[in-house]
Structure formats: structure tokens, C-alpha cells
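# Geometric and topological summary
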Amino acid sequence: MEIDMHAEPGDWLVVKGTVVDSPDEVGHIVEVRRADGAPPYLVRWIRDDHEALVFPGPDAHVVTAAAKNEEDSHERRRISALQDAIGGKPHIEQRTLRTRPRKS
């Protein structure tokens, strides 16, 4: 069975954890060896900065650089909102007219 996969340098390779509670392996695709974007990919793994030539299996998928940037941006906003909530101040996206300073 052949896997239909396409990547470009700068995309991310995510390999799903195969054991319960094991994290996904995530790597930055440094080089794509075929003109059609098919594997193999030269990947720099996040966990240890090791580079390896990878032929992804069915437990892997490619996340585009744009999608990863959007996911990261969403996660930063979520963490910021949680930090604001813990600190007792309303997050900018959660403020209402009642939480804004009153005019004197």
C-alpha cells in the first residue's frame, strides 16, 4: 500500500505515538528529495535535534508550515488567556464593557 504524502521544506512531519500516553514525534522537514514532494524527507527531530532520512509510514502525516504557524499562534493565545485568568486579570479577548476602566 502506497501512502499519498506531499511536503515542502519548512513543513512538519508528525508521527503519532504508538503506545498509550506516548507523545507524538515531531520533526521539521529540512529537505525533500523528490520534485513531486513525496518521501523520503530529511527531518530534524525536535526532541533531540537529530537529523534523519525518513520514509514515513501510515502513522505519520505532514503539517504545512502555515498550518503549524496558525496552531502555534492559537496555542500562544490560549496560554496567555490562562495566565491572565490565573493572575486574576481578564484576557483582552474576554473583556466586556464592565471590566474596562471607568471614565472619571
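Residues numbered from 1 in each chain as written. Predicted model: local features only at pLDDT ≥ 70, side-chain atom pairs only at ≥ 80, totals over all residues. Heavy atoms only, no water.

### Some words on the pattern of salt bridges
- What the rule picks out here adds up to 10 salt bridges.
- The partner of Arg34 in a salt bridge is Asp36, and the shortest N-O contact between them spans 3.1 Å.
- In this structure Arg34 comes out as partly exposed when scored by relative accessible area, which is 44%.
- A cluster of three or more residues bridged by salt bridges with shared partners is formed by Glu25, Arg47 and Asp48. (Salt bridge = Lys/Arg side-chain N within 4 Å of Asp/Glu carboxyl O. Buried < 20%, exposed > 50% of the residue type's maximum accessible area, 1.4 Å probe, protein only.)

### Considering helix 1 (residues 65-86)
- The terminal C-alpha atoms of helix 1 lie 31 Å apart, and with 22 residues this matches the ideal 32 Å at 1.5 Å per residue to within 8%.
- Positive phi appears at Gly88, one or two residues downstream of helix 1, with a value of about 85°. (Helix = DSSP H or I, 4+ residues; strand = E, 2+ residues; numbered from the N terminus. Expected span 1.5 Å × (residues − 1).)

### Re the pairing of strand 4 (residues 51-54)
- Note that strand 3 (residues 41-45) and strand 4 share four bridges and pair antiparallel. Within strand 4, the residue paired with Val43 across the bridge is Ala52.
- Hairpin remark: strand 3 followed by strand 4, antiparallel, with five residues in the connecting loop; positive phi at Asp49, about 65°. (Pairing = 2+ DSSP bridges.)

### Looking at the nonpolar core
- Formed by Met5, Ala7, Leu13, Val15, Ile29, Val32, Tyr41, Val43, Trp45, Val54 and Ala60, the largest nonpolar core amounts to 11 residues.
- Going through the elements one at a time, strand 1 (12-15), strand 2 (25-32) and strand 3 are the ones with two or more residues in this core.
- For this core, the element with the most residues is strand 3, which contributes three residues.
- When neighbours within four sequence positions are excluded, Met5 is seen to be in contact with Leu13, Gly37, Ala38, Pro39, Tyr41, Pro56, Gly57, Ala60, His61 and Val62. (Core = buried A, V, L, I, M, F, W, Y, C linked by side-chain atoms within 4.5 Å. Contact = heavy atoms within 4.5 Å.)

### Some details on the sheet that holds strand 3
- An order of 4-3-2-1-5 is seen for the five strands of this open sheet, with the pairing classed as antiparallel. Each edge of the open sheet is held by one strand with a lone partner, namely strand 4 and strand 5 (60-63). Each neighbouring strand pair of the sheet contributes to a mean axis angle of 35°, computed without reference to strand direction.
- Pairing of strand 1 with strand 5, which is carried by four bridges, proceeds in the antiparallel orientation. Note that in strand 5 the partner of Val15 across the bridge is Ala60.
- This element, helix 1, spans strand 1 and strand 5 of the sheet and lies at about 85° to strand 5. (Axes fitted to C-alpha atoms, helices over the stretch in contact; angles between N-to-C directions.)

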